[in-house]
Amino acid sequence: MSPSLYETVVSFFGWVIQGSFMAGILVMLILILQFLFQNKLEARWKYLLWIPVAIRLLLPWAPESSLSLYNVLSLESFMPGIHQQMQDPSISASETGEHVKGSVAEKYGIVVGITELTAPTDTSGSKPENHFWWNEITSMGFVPVLVLIWLTGVLLLVAKTIYDQLRLQHALRAGSRIETPLLLALFHDTRQQLGVKRKVEFVSSERIPGPAVVGFCKPTVVISPSLLMSLHEGQLQYILAHEFAHVRRRDVAVNWIMHLVLILHWFNPLVWLAVNRARQDQEMACDAFVLDRMRPQQNNAYGQTIIQVLEHFSGDHRLPGLAGLSATHKQMKRRLIMIKQFNKKSYRLSILGMTIILALGSVTLVNAKEKDDGNATIAVSVQSEAGDRQLDITYPEEFNGSKVDRTLYKQEMDKMNKLAADAAKALPAEDKKYIDDEINRVKELVKETGDTYVIYHKYNALNSGLNLSYWGLTKEYASFDEYLQKAATLKGAVLQEPSNLPEGYTFSKARIGGPLGGKFIDDLRAEGKKSGKPVFTKKMDWKEADDIRLEYTNGKDTLAITKYTVDADGTKNNGFFDDDLPANVFPKYVFWQDGGKFGYSISTSSDLSRQEKIEILKAAIKK
């Protein structure tokens, strides 16, 4: 499977998982409501209560709302990291949870910068939160296996559906059209009474047990010959009325929708339960539809006819292509009670049903609202790679070209923001003003000069638990000439444009990042502590970059070449070597180290061979 197709399938699977979780909560809520209002809701409204479930399962997008039930019950609380894993399937398993020590991804520039620059430190000294079983699955690379299992189930159900539908059509063709004048007259008279204007065929077939409606484009009422022989005229009219109620309500089309939902969410037992209960409520809603158009004196006769047919002639009507009489013994009892207690046109109860549906929709058909973490007194931010654009540190998209798990990162940042809010409450007013003024001053300096400034924070709880923040540390360049001008002022090796780039690739952007550590940082910390000021700022002049990155694109794929600082463990690796990420994770990296301070890497989402990558990397390094 190609990377793009794989990512599409995994993203779709993520949508299915999220929708299935939300719908599962909704199903339990509906079952509770049906139990609480079992004697107050009419049959038709009990059936209509399942509409929000179908909408939730098929909804491709929903607005966010603070009223959403999923603000309290969220998928992320049960499976942390699933949203990022599904939205960005190229993320490796090691990036989803805690960074795995010793992995090539952590050592050589894929995720190393995150913890050095922005990763929050838990000042409380508590242990990292346990992310339950979902991280265990993602860390072991089970997501592709889960997707494969889900796809297998979907394909098997699709195959079974096609097979069953072919059998149903064959059975229908094997039947014979009813042309007896008396039966046809009763058929058309009942259709008129039920207000059915569509053309409906009347067929007799022993291969489709029990009365049923087959098809929704060209509906056909099917009744077995033995049933026709056993019923008198009044009973047959009741049965036909029930089937025409299915036609009028377009229940076959609804059953197809429910079956489609079942195919996509076959793994969720609550969805199976919901479809089963919806089909039961559908039958009772049809009974109510018929009784609403009959005289009250006919209720008992209608109920006795339905029970008689269910006891002797009902078949398996769970196929999506038909709708007809079916019920278990327990369901028969419920239907009989409903028929006896049926009350025509109860508008008060209809208002109750509408109110419940609207209330359900308002809290379950909207998504959880993204939390606004800007309520902390001091905004926690870092300078963006472009130099003049601020990014909320709570929501980083990537660092050093690698995706960041937003969900897990946000959970940690939520803790830090709470600490920041608590610390800000105890902050003296003059210190707060000093911090605000100094940060605003540094922002303007970075915009005007393009220089790099580092701030020491006395109250590190206001800065995500960190005592340093960097401003103007990383610069991005939209043209290669701008990059060359800056690169010419730097010491040490820089990256140049490879002469052997694959055909069609052109320059996209470049990035140069300054150092995060060293003597300057040690001195700044000492001076900041000594000053006693809430924040202490110092300009950092640097001539040697910690990392450089060039990106090229052909409009479809991206090729990136990076120079990065090697950590202590990384210096043990020499020569060319590949990443240790799973085979399905793209882009694929090749690294080159010669035992020095810096290492180099090349990554691409295309199908370039390893040797081609090595040759391009060699051509890009100018020492």
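Not measured: the values here are computed from a predicted model.

What counts and what doesn't
Residues numbered from 1 in each chain as written. Predicted model: local features only at pLDDT ≥ 70, side-chain atom pairs only at ≥ 80, totals over all residues. Heavy atoms only, no water. Helix = DSSP H or I, 4+ residues; strand = E, 2+ residues; numbered from the N terminus. Contact = heavy atoms within 4.5 Å. Areas by Shrake-Rupley, 256 points an atom, 1.4 Å probe, with all protein chains shown as cover. Patch = residues over 30% accessible without salt bridge, like charges linked within 9 Å, V, L, I, M, F, W, Y side chains within 5 Å. Salt bridge = Lys/Arg side-chain N within 4 Å of Asp/Glu carboxyl O. Buried < 20%, exposed > 50% of the residue type's maximum accessible area, 1.4 Å probe, protein only. Pairing = 2+ DSSP bridges. Axes fitted to C-alpha atoms, helices over the stretch in contact; angles between N-to-C directions. Parallel < 35°, antiparallel > 145°, perpendicular 65-115°, else oblique. Left-handed = near helix turned anticlockwise from the far one by under 90°. Nonpolar A, V, L, I, M, F, W, Y, C, P; charged D, E, K, R; others polar. Expected span 1.5 Å × (residues − 1). Arc of directions from axis to C-beta. Phe/Tyr/Trp six-rings, centres within 6.5 Å; stacked < 30°, edge-to-face > 60°. pLDDT = per-residue confidence, 0-100. Core = buried A, V, L, I, M, F, W, Y, C linked by side-chain atoms within 4.5 Å.

**Quick word on the overall build of the protein chain**
Within the protein chain, the secondary structure is distributed over 23 helices and 23 strands. Put simply, 74% of the contacts in the protein chain that link residues at least 6 apart link residues at least 24 apart. Summed over all atoms, the accessible surface of the protein chain reaches about 30400 Å², with 57% contributed by carbon and sulfur.

**With respect to a nonpolar patch on the surface**
Taken together, the side chains of Ile-32, Phe-35 and Leu-36 present a nonpolar region at the surface, about 350 Å² in accessible area. Take Ile-32: it is sitting in helix H1 (residues 3–36). Accessibility expressed as a relative area gives 49% for Ile-32, which makes it partly exposed.

**Describing the sheet that holds strand E13 (residues 468–471)**
Pairing is antiparallel in the open sheet, where three strands are placed in the order E13-E12-E17. Because the sheet does not close on itself, it has two edges, and the strands there are E13 and strand E17 (535–540). Strand-to-strand twist across the sheet, computed as the mean angle between neighbouring axes with direction ignored, equals 20°. Looking at chain direction, strand E12 (residues 452–457) and E13 are connected through four bridges and run antiparallel.

**What to know about the packing of helix H11 (residues 181–193) against helix H13 (residues 233–248)**
One can describe the packing of H11 onto H13 by two numbers: an axis separation of 9 Å at closest approach and a directional angle of 45°. Taken together, H11 and H13 sit at an angle that is classed as oblique. Note that H11 runs across H13; the crossing there is right-handed. Packed against H11, whose contacting residues are Leu-183, Leu-186, Phe-187, Asp-189, Thr-190, Arg-191 and Gln-193, the element H13 presents Glu-233, Leu-236, Gln-237, Leu-240, Ala-241 and Phe-244 at the interface. Along the lines of polarity and charge, the residues of the contact of H11 with H13 split into seven nonpolar, three polar and three charged.

**Topic: the side chain of Gln-235**
With respect to the secondary-structure elements, Gln-235 resides in helix H13. Take Gln-235: its relative accessible area is 12%, and that puts it in the buried class. Each residue touching Gln-235, except ones within four places of it in the same chain, is listed here: Ser-230, Thr-305 and Gln-308.

**Some thoughts on the packing of H13 against helix H15 (residues 269–291)**
Close contact between H13 and H15 brings their axes to 9 Å; oriented N to C, the two are set at 110°. For the element pair H13 / H15, the angle class is roughly perpendicular. For the pair H13 and H15, contact is made by Ala-241, His-242, Ala-245, His-246 and Arg-248 and by Gln-282, Glu-283, Cys-286, Asp-287, Phe-289 and Val-290, respectively. Residue classes in the contact of H13 with H15 are distributed as five nonpolar, three polar and three charged.

**Quick notes on unusual backbone geometry**
Of note, the phi angle at Arg-250 is positive, near 55°, even though the residue is not glycine. With a relative accessible area of 48%, Arg-250 lands in the partly exposed category.

**Quick notes on the sheet that holds strand E6 (residues 322–324)**
Read from one edge of the open sheet, five strands run E2-E3-E5-E4-E6, paired in mixed fashion. Each edge of the sheet is formed by a strand with only one pairing partner; in this case those strands are strand E2 (176–177) and E6. Bridge count for strand E4 (residues 212–214) against E6 is three bridges, and the pairing is antiparallel. Residue pairing across strands places Val-214 opposite Leu-322, the latter belonging to E6. With respect to the sheet, H13 is in contact with strand E3 (201–204), E4, strand E5 (220–223) and E6, its orientation differing from that of E5 by roughly 145°.

**Quick look at the environment of Leu-227**
Relative to the helices and strands, Leu-227 resides in helix H12 (residues 225–230). Each C-alpha atom of the pair Leu-227 and Pro-211 lies 8.3 Å from the other, and the pair is 16 residues apart in sequence.

**Structural notes on H11**
Over its 13 residues, H11 extends 18 Å from the first C-alpha to the last, a length consistent with the 18 Å expected when each residue adds 1.5 Å. Looking at H11, one finds that the buried residues are Leu-183, Leu-186, Phe-187 and Thr-190. Projected down its long axis, H11 shows its buried positions confined to an angular sector of 105°, all on one face. Among the exposed residues of H11, those oriented more than 90 degrees off its buried face are Pro-181 and Gln-192.

**As for the packing of aromatic side chains**
Taken as a whole and assessed by the stated rule, the structure comprises 15 aromatic pairs. Relative to Trp-150, the ring of Phe-13 lies with its centre 5.3 Å away and its plane at 45°, an arrangement referred to as tilted. Taken together, the positions of Phe-13 in helix H1 and Trp-150 in helix H10 (residues 143–174) put the pair 137 residues apart, joining distant regions of the chain. Each ring, one from Tyr-589 and one from Phe-591, has its centre 5.7 Å from the other, and the planes form 5°; the classification is stacked.

**Describing the confidence of the model for the protein chain**
Of the residues in the protein chain, 76% reach a pLDDT of 70 or more, and the chain-wide mean stands at 77. Across residues 83–140 the pLDDT falls below 50, and counting only partners more than four positions away or on other chains, this stretch makes 143 contacts in the model. Confidence drops under pLDDT 50 across residues 371–404; counting only partners more than four residues distant or on other chains, this segment forms 99 contacts.

**Examining helix H3 (residues 51–58)**
For H3, the complete set of buried residues consists of Pro-52, Val-53, Arg-56 and Leu-57. Taken end-on, H3 shows its buried residues confined to a sector of 130°, consistent with a single buried face.

**Description of the nonpolar core**
As a rule of thumb, nonpolar side chains are buried together in soluble globular proteins. Of all hydrophobic cores here, the largest spans 42 residues; its most connected members are Phe-202, Val-221, Ile-223, Leu-236, Leu-240 and Tyr-302. Taken together, the elements giving at least two residues each to this core come down to H11, E5, H12, H13, H15, helix H16 (299–312) and helix H17 (329–341). In terms of residue count, the dominant contributor to this core is H13 (eight residues). Excluding residues within four positions of it along the chain, Ile-223 makes contact with Phe-202, Val-203, Ser-204, Ser-205, Pro-211, Leu-228, Leu-236, Ile-239 and Leu-240. Counting residues in each nonpolar core, the second largest holds 41 residues, with Ala-487, Ala-493, Met-540 and Leu-617 among its members.

**With respect to the pairing of E5**
Residues of E5 alternate between two faces, with Thr-220 and Val-222 on one and Val-221 and Ile-223 on the opposite face, all of them buried. Where E3 lies against E5, four bridges are found, and the strand directions are parallel. Directly across from Glu-201, in E5, lies its bridge partner Thr-220. Direction of pairing for E4 relative to E5: antiparallel, over a ladder of three bridges. Counted as the bridge partner of Val-213 is Val-221 from E5.

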